[in-house]
Amino acid sequence: MAEAKAAPNIGDRIDSYCGRCKMMLAHTVETIENGKIKKCHCNTCGAQHAYRPKAPKKAGVPSALEPSDYDKLMKSQDADKARKYATSDKFQPTELINHATFGLGIVLTCKESNKIEVLFSDGAKTLVHCR
Ligand SMILES: [Zn+2]
């Protein structure tokens, strides 16, 4: 019989997502069922809730797109409306751009202050903007 390692105990300090604080925070285990943490309370705001080991995913995040989605995405785009890519311009997610080397691409996300991730036919690339 292999011993279950680090079985949770009531009163343990664990990290959970707090729906009230809206972030991952230290929590205290309150109830355990079949070796799994059921309920805990937030050490920060005191709210009691189900144990959530991970922060919920935001709906419709463009960064979840795969390069294979490129064709699907391009179908709904009007290539004539693509903006010419220039490092000095500012681009927004979902915008269609025309890059001198990579061709047509769709802006997925803005990274940091002056970087964008753009999906081209051969995959996602990070470009600079707002220079
Ligand atoms: Zn909280």
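Anything mentioned here points back to the structure above.
Just so you know, these numbers come straight off a predicted model, no measurement behind them.

Draft legend 1. How the structure looks around the environment of Ile-14. Topologically, Ile-14 is positioned in strand β1 (residues 13-18). A C-alpha to C-alpha distance of 9.5 Å links Ile-14 and Cys-42, two positions 28 residues apart in sequence. For Ile-14, the residues in contact, after removing those within four places along its chain, are Leu-25, Ala-26, His-27, Val-29, Ile-37, Cys-40 and Tyr-51.

Draft legend 2. Highlighting the coordination of the zinc ion. Taken together, the protein ligands of the zinc ion are Cys-18 (SG), Cys-21 (SG), Cys-42 (SG) and Cys-45 (SG), with distances of 2.2 to 2.4 Å. Coordination at the zinc ion is tetrahedral, judged from the four donor atoms that bind it and the angles of 106 to 116° they form at the metal. On the accessibility criterion, Cys-21 (22% relative accessible area) is partly exposed.

Draft legend 3. Local environment of the packing of aromatic side chains. Taken as a whole and assessed by the stated rule, the structure comprises two aromatic pairs. Residues Tyr-85 and Phe-91 carry aromatic rings whose centres are separated by 5.7 Å and whose planes lie at 25° to one another, so their mutual orientation is stacked. Given a relative accessible area of 0%, Phe-91 falls into the buried group. Between the aromatic rings of Phe-102 and Phe-120, the centroid separation amounts to 5.1 Å while the plane-to-plane angle is 45°, which identifies the pairing as tilted. Note that Phe-102 is positioned in the loop between β6 (96-99) and β7 (103-111) and Phe-120 in strand β8 (residues 115-120), a separation of 18 residues in sequence. The exposure class assigned to Phe-102 is partly exposed, which follows from its relative accessible area of 29%. Directly above the aromatic system of Phe-102 lies the positively charged group of Lys-125, at a separation of 4.8 Å from the ring centroid.

About the criteria used
- Within every chain, residues take consecutive numbers counted from 1 along the sequence as written.
- Local features in this predicted model are restricted to residues whose pLDDT is 70 or higher, and side-chain atom pairs enter the listing and the counts only when it is 80 or higher, whereas totals over whole chains, interfaces and linings include all residues.
- Each side-chain value is derived from all of the structure's non-hydrogen atoms; neither hydrogens nor water enter the calculation.
- Secondary structure counts use DSSP, requiring at least four H or I residues in a row for a helix and at least two E residues in a row for a strand, with both numbered from the N terminus.
- By definition in these notes, contact holds between two residues if any of their heavy atoms fall within 4.5 Å.
- Coordinating N, O and S atoms are those within 2.8 Å of the metal (3.2 Å for Na, K and Ca), and as water is not part of the atoms, a site may appear to have fewer donors than expected.
- Every angle between 85 and 135 degrees makes a four-donor site tetrahedral, while opposite donors more than 155 degrees apart, with all other angles between 65 and 115, make a four-donor site square planar and a six-donor site octahedral; other sites are irregular.
- Burial here depends on accessible area, computed with a 1.4 Å probe over protein chains only, as a share of the maximum for the residue type. Under 20% is buried, over 50% is exposed, and the range in between is partly exposed.
- Working definition: a ring pair exists when centres of Phe, Tyr or Trp rings (six-membered ring for Trp) sit within 6.5 Å. Plane angles under 30 degrees give stacked, over 60 give edge-to-face, the rest tilted.
- Here, a charge over a ring is recorded when the distance from Lys NZ or Arg CZ to the ring centre is within 6 Å and its angle to the ring normal is within 35 degrees.

So yeah, pure geometry; function would need other evidence.
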